[in-house]
Amino acid sequence: MSNNLVTLENGKQLTVKREGLYYVYTQVTFCSNREALSQAPFIVSLCLKSSSESERILLRAATSHSSSKPCGQQSTHLGGVFELQSGASLFVNVTDPSQVSHGTGFTSFGLLKL
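What comes next is a walk through the structure. Fair warning: this is a prediction, and the values are worked out from it, not measured in the lab. (Residues numbered from 1 in each chain as written. Predicted model: local features only at pLDDT ≥ 70, side-chain atom pairs only at ≥ 80, totals over all residues. Heavy atoms only, no water.)

### Some thoughts on a nonpolar patch on the surface
- Residues Leu21, Tyr23, Val81, Leu112 and Leu114 make up a contiguous nonpolar surface patch of roughly 450 Å² in combined accessible area.
- Mapped onto the secondary structure, Tyr23 falls in strand β3 (residues 20-31).
- Classification of Tyr23 as partly exposed rests on a relative accessible area of 32%. (Patch = residues over 30% accessible without salt bridge, like charges linked within 9 Å, V, L, I, M, F, W, Y side chains within 5 Å. Areas by Shrake-Rupley, 256 points an atom, 1.4 Å probe, with all protein chains shown as cover. Salt bridge = Lys/Arg side-chain N within 4 Å of Asp/Glu carboxyl O. Helix = DSSP H or I, 4+ residues; strand = E, 2+ residues; numbered from the N terminus. Buried < 20%, exposed > 50% of the residue type's maximum accessible area, 1.4 Å probe, protein only.)

### Some points on the nonpolar core
- Counting residues in each nonpolar core, the largest one holds 20 residues, and the members touching the most others are Tyr22, Val24, Phe42, Leu48, Leu84, Leu90 and Leu111.
- Of all the secondary structure elements, the ones that give two or more residues to this core are β2 (13-16), β3, β4 (42-49), β5 (56-63) and β6 (73-84). (Core = buried A, V, L, I, M, F, W, Y, C linked by side-chain atoms within 4.5 Å.)

### Section: the sheet that holds β6
- Taking strand neighbours across the sheet as the criterion, the three strands line up as β6-β3-β8 in an open arrangement whose pairing is antiparallel. Here the strands that pair on one side only, and so sit at the sheet edges, are β6 and β8 (108-113). Neighbouring strand axes in the sheet, compared pairwise and without regard to direction, differ in orientation by 15° on average.
- Bridge count for β3 against β6 is 12 bridges, and the pairing is antiparallel. The partner of Gly20 across the bridge, within β6, is Leu84. (Pairing = 2+ DSSP bridges. Axes fitted to C-alpha atoms, helices over the stretch in contact; angles between N-to-C directions.)

### Describing the sheet that holds β5
- The five strands lie next to each other as β1-β2-β7-β4-β5, forming an open sheet whose pairing is antiparallel. If you trace the sheet from one side to the other, it starts and ends with β1 (6-9) and β5, each paired once. Direction aside, neighbouring strands of the sheet carry axes that sit 20° apart on average.
- Sheet analysis places β4 next to β5, joined by seven bridges and oriented antiparallel. Looking at β5, one finds that Phe42 is bridged to Thr63.

### Things to note about the pairing of β1
- The sheet contact formed by β1 and β2 spans four bridges and is antiparallel. Its bridge partner lying in β2, Leu8 is registered against Leu14.
- The loop that links β1 with its antiparallel partner β2 comprises three residues; one of these, Asn10, has a positive phi angle of about 55°.

### Looking at unusual backbone geometry
- For Asn10, which is not glycine, the phi torsion reads 55° and is therefore positive.
- Mapped onto the secondary structure, Asn10 falls in the loop between β1 and β2.
- Look at Asn10 and you get exposed, because its relative accessible area is 68%.

### Some thoughts on the packing of aromatic side chains
- Taken as a whole and judged by the stated rule, the model has two aromatic pairs.
- Here Tyr23 and Tyr25 contribute two aromatic rings whose centre-to-centre distance is 6.0 Å and whose plane-to-plane angle is 20°, an arrangement assigned as stacked.
- Their ring planes at 15° and their centres at 3.9 Å tell us that Phe30 and Phe42 sit as a pair that is stacked. With a gap of 12 residues between them, Phe30 in strand β3 and Phe42 in strand β4 connect regions that are remote in the sequence.
- Taking relative accessible area as the criterion, Phe42 reaches 0% and is therefore assigned buried.
- One Lys or Arg, Lys113, reaches over the ring of Tyr22 and ends 5.7 Å from the middle of that ring. (Phe/Tyr/Trp six-rings, centres within 6.5 Å; stacked < 30°, edge-to-face > 60°. Lys NZ or Arg CZ within 6 Å of the ring centre and 35° of its normal.)

Function cannot be read off these values alone, since they describe shape.
This is the structure we're talking about:
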């Protein structure tokens, strides 16, 4: 995917080609049951990496595991408006990638120029 505003790089991050005001969003659906010893929350972070700065977190959400089903689906949504410079890259980090549901419509990430 590539156009005059954004490029998808390594299938993981979006790099902005034109500076401006953008609405950035993500939805991450994950399997909420945990059999691990720790019941730590599932954390989703929307991150920015720019040429002038190191990596930083723009938005973060934590969701408690609340299902005892084999795979109780839960979703976390993040979205906000940010002034982005040309060359800035956006990506999403999660605490446990093995829990993410990758099926059609479950997990998404994108941006819109305002």
